[in-house]
Amino acid sequence: MGKPLIETSKISKMYRMGDVEVHALREVSLTISEGESVAVMGPSGSGKSTLMNILGCLDRPSSGDYWLVGEEVSQLDRNALAQLRNRTLGFVFQSFNLLSRTTALENVELPLLYAGVSARERHARAREALGRVGLGDRMHHHPNQMSGGQQQRVAVARALVTHPHLIVADEPTGNLDSRTSIEIMALFQELGRSGITLLLVTHEPDIARYASRVVVMRDGRVQSDERQTPLQARPDPAAAEAAL
Amino acid sequence: MSPLQVLRVAVRALMRNKLRSFLTTLGVIIGVSAVIAMVAIGEGAKARVEEAFASMGSNLLVVLSGTTNASGAHGGFGSMPTLTWDDLKAIRSEASAVRYASPQLRSNQQVISEDQNWATSINGVSPEYFLMRTWPVAMGSSISQSDIETGSKVVLLGQTVVDKLFGSNADPTGQSVRIQKTPFQIIGVLARKGQSATGQDYDDAVFIPYTTFQAKIQGGLQKFIAGALMVSAVSSEATARAQNQIATLLRDRHHTPIGADDDFSIRNLTEMASAQQEGVKTLTTLLASIAAVSLIVGGIGIMNIMLVSVTERTREIGIRMAVGARPRDVLSQFLVEALALSIAGGIIGILLGLVAANRLAANFGWPILIRLDVIAIAVGFSGLVGVVFGLYPAQKASRLDPIEALRYE
């Protein structure tokens, strides 16, 4: 296990809905080390999305401390959080969230645009990232010319093009068939081997089996937190069929 | 993100909706072209007025003698001779703001050549008269100081009179004409001056030395000037000063008691010119203001479309924020889009405005006057419209919550 990448100390999140206070997260303390792949599970309303948003620096906790790569980030302003997301994190979403009418290459370049990287380096790094996810020959395709699995690969390439410490994936296989899901999980495991930490939110136990640690949330609290030997995802169709 | 990058992203976004972008820009195009065309028209009209007054002469004052009041019937200015030749001498020597002064004695008489005749205005003047009116001699020579002193019977003809008596383009220098039975030798012809602002033909006149006028044409009282004095000030700023100096001088010389009315009147032609120019300027401002209103309407169109665009692209904004766009990156992106729309509109508007100004000028026969400062202001103003009306939508975009924006369907 590497050194801690994420450390939270009693983070809580409270919303006001009319007169009712909703406690989406209640004093969650969690430590995730570098290189881990953590699957966060739980029923809807358990707080797993809120936890992911806070850990992904899209939102701030109402109380508690959050250290990301040794830096206390719970009170940063919106501009600083945006920079942190740009440099430290990569996102993969259930609905891919690619820019339509924009080529795969330009989609992957997008984070680098905000990082102030020169055009030449942007192209080179985006090509490399697309090559890494096996889409070297689809660089100039638009999202609507690609299958769901290919679109999600573009999203993964976009997440890793900035060389992030952490990839936050929110139901990344939710819109994919089981075969493509395994392909994507194989890709994540490959990234994990190169040292990238993965935070995976899912409600599918089959997908959680590919993670090295499973955190189950319930009513805004961590119900269980167990390490496991991850199942190796093999993108080979026959093997994938057999594994399921 | 570099400014060039921001611009590229903005232009691409606008190009995705070409028709919409064009229609949005149309408001600004119409506004800017209207401002430029209106100002060009106003400037053309102003130049027309200036031209008319410039041909009259520069920095001129006209001094008229007093009025008669015979059994309750008031005569007009000049009906009662009050100005003396000594007054003229005093004005020339004592009023420091005065450059030139000349009498202008006038009578309408028949001018008779060998085989033609023509009724025109006979003017008795001094040599300075032509300097004041910036009226050069086209052929022959002008009236000289010695002509004044000896009262020689010489005459300068205006072009219209030459046309009528000798035919156009004839050179009658050296020939003679008769005015009231007195033969006058033609010493020269004046350059063509054209029409006054009121349509009066300046060239339909002849000029003789004022001393000759007194002796041969006028007769009567020799002490008083039976006509007007034309005075020019040393500069256009000095006209008011010259007017005061002459008034003070004449009141003093005529022993006018304090509080009593002047027994003369002074007309400031420069004031008349500037009053007319003021009128044209007001008209220009009015037209340009109406055009400017349409520019503001164009700005509201931009704001409207930008608000629609922000709502439509909520998800895009969410994606950009998730991958690291700061609120100010999003702000500048939408602001630059609004600016690009308004400045593109401004540039197209300038081109259209110039075309419109040219056509209108050709129609009215006015000089085309394109003012660069107006173009600069129009572009600046359309840019300002872009910023002012683009700011609210851009702020709205930059304040979106990335989580909400990503969930937006």
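Our subject is the structure that appears above.
The model shown is predicted, which means the values in this text are computed figures rather than measured ones.

Novice: Help me understand the overall build of chain B, please; the structure alone is not making it clear to me.
Specialist: The secondary structure content of chain B amounts to 13 helices and 12 strands. Computed over C-alpha atoms, the radius of gyration of chain B comes to 34 Å, more than 25% over the 22 Å expected from 2.2 N^0.38 for 409 residues, which places it beyond the range of a compact globule. Along the first, second and third principal axes, the C-alpha atoms of chain B reach 105 × 55 × 40 Å. The burial tally for chain B puts 41% of its 409 residues in the buried class. Taking contacts inside chain B between residues at least 6 apart in sequence as the whole, the part at least 24 apart equals 81%.

Novice: I tried to follow the sheet that holds strand β1 (residues 4-17) of chain A on my own but got confused; where do I start?
Specialist: The strands that make up a sheet pair up through hydrogen bonds in the backbone, lying either parallel or antiparallel. Spatially, β2-β1-β4-β5 (chain A) is the arrangement adopted by the four strands of the open sheet, whose pairing is antiparallel. Since the sheet does not close on itself, it has two edges, and those belong to β2 (20-33) and β5 (71-72) of chain A, each with one partner.

Novice: In this structure, what is going on with the pairing of strand β1 (residues 60-65) of chain B? I would like to understand it.
Specialist: Every other side chain in a regular strand lies on the same face of the sheet, so the side chains alternate between the two faces. All names here are of chain B. As judged from the four bridges shared by β1 and strand β11 (residues 228-233), these two strands associate in the antiparallel manner. Looking across to β11, one finds that V62 is bridged to M230. Strand direction decides the pairing type here: β1 and strand β12 (residues 264-268), joined by five bridges, are antiparallel. Its bridge partner being in β12, L64 is matched across the sheet by S265.

Novice: Would you explain unusual backbone geometry in this entry?
Specialist: In terms of backbone geometry, most residues other than glycine have negative phi values and most peptide bonds are trans. All names here are of chain A. Although it is not a glycine, E27 adopts a positive phi angle of roughly 45°. Looking at where E27 falls in the secondary structure, it is placed in strand β2. Residue E27 is classed as partly exposed on the basis of its C-beta count, with 15 C-beta atoms lying within 10 Å. The residue C57 is not glycine, and still its phi comes out positive at about 60°. In this structure, C57 sits in the loop between α1 (48-55) and β4 (63-68).

Novice: Please clarify how the interface of chain B and chain A should be interpreted in this entry.
Specialist: One frequent convention defines the size of an interface as the accessible area lost when the parts assemble. Contacts between the two partners involve 17 residues from chain B and, on the opposite side, 21 residues from chain A. Of all the elements in the fold, those that place two or more residues in the side of chain B that touches chain A are α10 (314-322), α11 (327-364) and α13 (402-407) of chain B. Classifying every residue of the side of chain B that touches chain A gives 10 nonpolar, two polar and five charged.

Novice: Would you mind showing me how to read the environment of G195(A) here?
Specialist: Of note, G195(A) is situated in the loop between α6 (178-193) and β8 (197-201). Through-space distance from the C-alpha of G195(A) to that of V38(A) is 13 Å; in sequence the pair is 157 residues apart.

Novice: What is the right way to look at helix α2 (residues 78-88) of chain A in this model?
Specialist: Each α-helix winds once per 3.6 residues, and so residues spaced three or four apart point in a common direction. All of the buried residues along α2(A) are L81(A), A82(A), R85(A), N86(A) and T88(A). In this structure, the buried side of α2(A) is in contact with β4, β6 (89-93), α3 (104-115) and β7 (166-170) of chain A together with α10 of chain B.

Cut-off values and rules
Residues numbered from 1 in each chain as written. Chains lettered and ligands numbered in written order. Predicted model: local features only at pLDDT ≥ 70, side-chain atom pairs only at ≥ 80, totals over all residues. Helix = DSSP H or I, 4+ residues; strand = E, 2+ residues; numbered from the N terminus. Rg over C-alpha atoms; globule rule 2.2 N^0.38 Å. Buried ≥ 20, exposed ≤ 12 C-beta atoms within 10 Å, placed from the backbone. Contact = placed C-beta atoms within 7 Å. Pairing = 2+ DSSP bridges. Nonpolar A, V, L, I, M, F, W, Y, C, P; charged D, E, K, R; others polar.

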